[in-house]
Amino acid sequence: MLHRYVSLKLIVCLLLIFSVQSASAQLALFNTTATALPGQAISLQGHFPATAKAFMLVGTATTPTSLPILLQSANHLAARIPAQTPADLYQVWVEDQGQRSPPVWINQAQAHHADCPVISPGGPLRIFGRNLRLGSATPQVRLTA
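Here we summarise the structure given alongside this text. (Residues numbered from 1 in each chain as written. Predicted model: local features only at pLDDT ≥ 70, side-chain atom pairs only at ≥ 80, totals over all residues. Heavy atoms only, no water.)

## Re the overall build of the protein chain
Consideration 1: In terms of regular secondary structure, the protein chain is built from one helix and eleven strands.
Consideration 2: Each helix (α) and strand (β) of the protein chain, taken in turn from the N terminus, gives the series α-β-β-β-β-β-β-β-β-β-β-β.
Consideration 3: Residues classed as buried in the protein chain amount to 23% of the 145 residues present.
Consideration 4: Total accessible area on the protein chain stands at roughly 10100 Å², and carbon and sulfur atoms take up 60% of it. (Helix = DSSP H or I, 4+ residues; strand = E, 2+ residues; numbered from the N terminus. Buried < 20%, exposed > 50% of the residue type's maximum accessible area, 1.4 Å probe, protein only. Areas by Shrake-Rupley, 256 points an atom, 1.4 Å probe, with all protein chains shown as cover.)

Take a look at the structure:
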C-alpha cells in the first residue's frame, strides 16, 4: 500500500514538473516600443528564442507583414517598421517553430488622466495620455457609464 502511495505521488510530481516546463515554453512579449512611425525601429522583449521571426498587421488589415530584423538574440529583437507602411495602429507578434506569441499593440491610444473629475453634456474635457492623435486621423472619445 505504501509503495502505491509513493508511486502515485511521484507520478503527480512528474506531471506537475512537465506541465510547468511546457507552460514556460510559450512565446510571450512583455516589453515593447509604445510608439513607432514607418521606417522606425521597434524593440521587442519577452520569452522567445533567437530564431523567432516578427510579424505585424496594420490597422484592420488581415494579411501579416514580416518585419525586417535589425538585431536579435534570445528574448530580445529589434525590427524596423517598413517605410511604405502607413502610420496606423500596429499589431505585432513573434513566431517560432509553429508557436505564436499573443499580440501587442504599437501606437495604441492610452488615456492617462483628464483635467476634471466631473463633466457635463456638451462641456469641455481635456484628456492627457499617449498616442491620442496619430497622423492625420481624427481622434474620437466615447464615454461609457
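Back to the write-up after that little detour.
## Regarding the sheet that holds strand S2 (residues 41–47)
Consideration 1: Ordered in space as S1-S2-S6-S5, the four strands form an open sheet in which the pairing is antiparallel. With partners counted over all chains shown, the strands left at the sheet margins are strand S1 (28–32) and strand S5 (69–73), one partner each. The sheet shows a mean angle of 25° between the axes of neighbouring strands, direction not considered.
Consideration 2: Relative to S2, S1 runs antiparallel, the two being bridged by four bridges. Bridging across to S2, Thr32 finds its partner in Leu44. (Pairing = 2+ DSSP bridges. Axes fitted to C-alpha atoms, helices over the stretch in contact; angles between N-to-C directions.)

## Some words on the packing of aromatic side chains
Consideration 1: Going through the model one piece at a time under the given rule, you end up with one aromatic pair.
Consideration 2: Just above the ring of Trp93 sits the side chain of Arg100; from NZ or CZ to the centre is 3.7 Å. (Phe/Tyr/Trp six-rings, centres within 6.5 Å; stacked < 30°, edge-to-face > 60°. Lys NZ or Arg CZ within 6 Å of the ring centre and 35° of its normal.)

## With respect to the layout of surface pockets
Consideration 1: For the largest pocket, the calculated volume is near 500 Å³.
Consideration 2: Contributing to the lining of the largest pocket are 18 residues, with Ala109, Asn131, Leu132, Pro139 and Gln140 lying nearest its centre.
Consideration 3: At three residues, strand S10 (residues 110–114) tops the list of elements feeding residues into the lining of the largest pocket.
Consideration 4: Residue composition of the lining of the largest pocket, by class: ten nonpolar, six polar and two charged. (1 Å grid on protein atoms, 1.4 Å probe; cavity = no way out; pocket = protein on both sides within 12 Å on 5 of 7 lines; lining within 4 Å. Points joined across faces, edges and corners; volume = space filled by probe spheres on them. Nonpolar A, V, L, I, M, F, W, Y, C, P; charged D, E, K, R; others polar.)

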